[in-house]
Structures are given as structure tokens and as C-alpha cells.
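Chain and residue survey
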Amino acid sequence: MRIPQSVTRNRAVFPTVLPELAVVRTDDGSNTLLDTKTGDTFHSLAGAFTETRHTYLKNSDLFDRLALGLDTWLLEMGLGSGLALLLSVDLAIHYSTPLHYVALESNWLPADVIDLLEYDNFLENKSLLNDFLDFRNRCDIHTDAADQRFTWQPAPTISVEVHITDARNAFDRLRANADRQFEVIFYDPFSKESNPKLWSSEVFRKIVPLLAPTGRLVTYSCARAVREAIADAGLAPERVPGPPKGKRQSLIVTHPQNPLCRDTSDHSQ
């Protein structure tokens, strides 16, 4: 078991039914998960809720799109604990705006682990968490099946697809569906150190045709190697301020031809 002192310092840590995962109370009062094998946390210890709202919903312009009633296709790479999904669906319900959410995950957490995170404390529609947990419990995941898809409709104009798959294969399948491009992509796999293949220029090249011309890919990582891989794939990375009290910077990625993008060529430290 690997629990760094930096995680436990002044923070409560609780076990889950899975020995490789523990719940950590982050600094804004929301919970995240810690992988006790690698020491990776699913969110920033400065605040899981704060990071998700800022780095993903705000930086991607999802707040503005849904407030304006713009039908939005959203792709999430790394469903994780489901916090970004729940906040996005909650917002779409609030604005009565169509949202089509596609999430890719290789190892979907069981409902009784997600339940421990108490995400309903951060939702306007409190019942949404129980609906999501019921959906998770209904999904009969076969460990010997390479690619599986499960669907959920939390509201009449909102659809959710969860693909249990290797993301690199899923990108190829999504690309084959030529009429599907995403205005928003949440890119949230574990760190480059833990999962280097998903931060390669090869993978980002697969994403290029999936991102709508005026869409945004957003991620927490600003590492130089990540920015270089993104630029090498033909996309334009831009460092922007990170969440309050959290990481100093996060990343917004656009198409170079997007007239709304700003500086795209910064490869400095």
C-alpha cells in the first residue's frame, strides 16, 4: 500500500471495499480516490470539485454552451469516479439543454465505491447520484469482453454512453462515425508517468478528427512533454490559470485553424 504523507497531511483517509482504493477528503470538502498501488489520486488534493468545475466545465466553455442552449456532444477520456459526468449532466438539466455524453473507461468503478464519495452534496439535482448508481448497478460488465457499451438517459434531452474499452481502439471507432464530432473533450487519464501511452502524439492524432473545428479539449496536465505531443499531432495547446489553490496552470487545446484560439506555440518550461 502506497499512501504518500503529502496525501494524508491534515486530510481524512477512509478505506473502500477495494483494497487498492481509498477515499481522501480534499481541501474544498469534496472527496476523491487514491490508488494505493501507485499513489495517484483521481483529482487534485486541493479540491476535487473545484478542479473539475474549473479545469473541465469552465475551461471547455461547457458552462456557456449549456447556458446558451447549445446542443453539445462531449467526450470524456477517463470516466474515473464520474464527478465530471455528474456535474455536466446536472448543469444540462438545470438549463434544459441537450447533452450527449460519451465516456471511455477501461475499469469502471463499482457503485458502492462511487457512493462513498458523496457527490450528491455538490449537485443541484440530488437524486441524480442515486440514478447514476442504479445505472452502474444495472450494467453487467464482462471482464472477458474487449469492448462494451452501456447507455443511460437521465433526462429526455440528455444521453450518456459509457464505453468499457481500450481508449485507443475507441478513438478509431468513434472516428469511423463521420457525423460525430465533439465540441468538448475532457482528457483525464492518469498521469503520463502512470499511463504514458495515452499521452503520446499517436493518441492525440486519433483525437484530431473527433474534435469539432471550434471545439476544445481540456486537461489538467501542462507538462512540457504533453504539450509537445499535442502540438506534434497538429493541435494547439495553451496554458491557462489553474483552479483556485490548486495547480498553477491547466491546458486548453484547440485546432490551429480555430479563429478563437490564441498563442499556440509555447513549448517553454
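Being a predicted model, the structure only gives us computed values, none of them experimental. (Residues numbered from 1 in each chain as written. Predicted model: local features only at pLDDT ≥ 70, side-chain atom pairs only at ≥ 80, totals over all residues. Heavy atoms only, no water.)

**Details of helix H9 (residues 224-232)**
Looking at H9, one finds that the buried residues are Val226, Arg227, Ala229 and Ile230. With its buried residues spanning 160 degrees around the axis, H9 presents them on a single face. (Buried < 20%, exposed > 50% of the residue type's maximum accessible area, 1.4 Å probe, protein only. Helix = DSSP H or I, 4+ residues; strand = E, 2+ residues; numbered from the N terminus. Arc of directions from axis to C-beta.)

**Considerations on the confidence of the model for the protein**
Predicted confidence across the protein gives a mean pLDDT of 91, with 92% of residues reaching 70 or more. Low pLDDT (under 50) marks residues 261-269, which in the prediction has 20 contacts with non-local residues, meaning those over four places away or in another chain. (pLDDT = per-residue confidence, 0-100. Contact = heavy atoms within 4.5 Å.)

**What about the sheet that holds strand S8 (residues 182-187)?**
Overall, mixed pairing links the eight strands, which are arranged S6-S7-S5-S4-S8-S9-S11-S10 in an open sheet. Edge positions in the sheet fall to strand S6 (148-155) and strand S10 (236-241), since each of these pairs with one other strand and no more. Across the sheet, the axes of successive neighbouring strands diverge by a mean angle of 20 degrees, strand direction being ignored. One ladder, built from seven bridges, connects strand S5 (residues 99-105) with strand S7 (residues 158-164); its direction is parallel. Residue pairing across strands places tyrosine 101 opposite valine 160, the latter belonging to S7. Seen against the sheet, helix H6 (residues 127-138) touches S6 and S7 and runs at an angle of roughly 155 degrees to S6. Where helix H7 (residues 167-176) meets the sheet, it contacts strand S4 (72-77), S5 and S8, and its direction lies at approximately 155 degrees from that of S4. (Pairing = 2+ DSSP bridges. Axes fitted to C-alpha atoms, helices over the stretch in contact; angles between N-to-C directions.)

**Regarding the packing of helix H2 (residues 48-58) against helix H4 (residues 83-95)**
One can describe the packing of H2 onto H4 by two numbers: an axis separation of 10 Å at closest approach and a directional angle of 65 degrees. Considered as vectors, H2 and H4 are oriented roughly perpendicular to each other. The handedness of the crossing between H2 and H4 is right-handed. In this structure, H2 uses Ala48, Phe49, Thr52, Arg53 and Leu57 to contact H4, whose residues at the interface are Leu83, Ala84, Leu87, Ser88 and Leu91. Split into classes, the residues belonging to the contact of H2 with H4 amount to seven nonpolar, two polar and one charged. (Parallel < 35°, antiparallel > 145°, perpendicular 65-115°, else oblique. Left-handed = near helix turned anticlockwise from the far one by under 90°. Nonpolar A, V, L, I, M, F, W, Y, C, P; charged D, E, K, R; others polar.)

**Here's the deal with the packing of H4 against H6**
The contact between H4 and H6 brings their axes to 11 Å, and the two run at 125 degrees. Our classification of the angle between H4 and H6 gives oblique. For the crossing formed where H4 meets H6, the hand is right-handed. Side by side, H4 and H6 meet where Leu85, Leu86, Val89, Asp90 and Ile93 of the first sit next to Leu128, Leu129 and Phe132 of the second. Along the lines of polarity and charge, the residues of the contact of H4 with H6 split into seven nonpolar, no polar and one charged.

**With respect to the nonpolar core**
Judged by nonpolar contacts, the single largest core of 77 residues is most densely connected at Leu75, Tyr101, Trp108, Phe171, Phe186 and Tyr187. Ranked by residues supplied to this core, first place goes to H4 with eight residues. Here phenylalanine 171 is in contact with Leu75, Met77, Leu104, Tyr187, Val203, Lys206, Ile207 and Leu210, once residues within four sequence places are set aside. (Core = buried A, V, L, I, M, F, W, Y, C linked by side-chain atoms within 4.5 Å.)

**Thoughts on the sheet that holds strand S2 (residues 21-25)**
The antiparallel open sheet is built from three strands, whose spatial order is S1-S2-S3. Whereas interior strands pair on both sides, the edge strands pair on one side only; in this sheet they are strand S1 (13-15) and strand S3 (31-35). Neighbour-to-neighbour, the strand axes of the sheet open up by a mean angle of 35 degrees, direction not taken into account. By the bridge criterion, five bridges tie S2 to S3 in an arrangement that is antiparallel. When the sheet's bridge partners are listed, valine 23 is paired in S3 with leucine 33.

**A closer look at unusual backbone geometry**
Of note in the backbone geometry, aspartate 61 takes a positive phi value of approximately 70 degrees without being a glycine. Note on placement: aspartate 61 falls in the loop between H2 and helix H3 (62-67). Owing to a relative accessible area of 30%, aspartate 61 belongs among the partly exposed residues under this scheme. With phi around 55 degrees, glutamate 118 is a residue other than glycine that occupies positive phi space. With respect to the helices and strands, the residue glutamate 118 is situated in the loop between helix H5 (111-115) and H6. We classify glutamate 118 as partly exposed; its relative accessible area is 37%.

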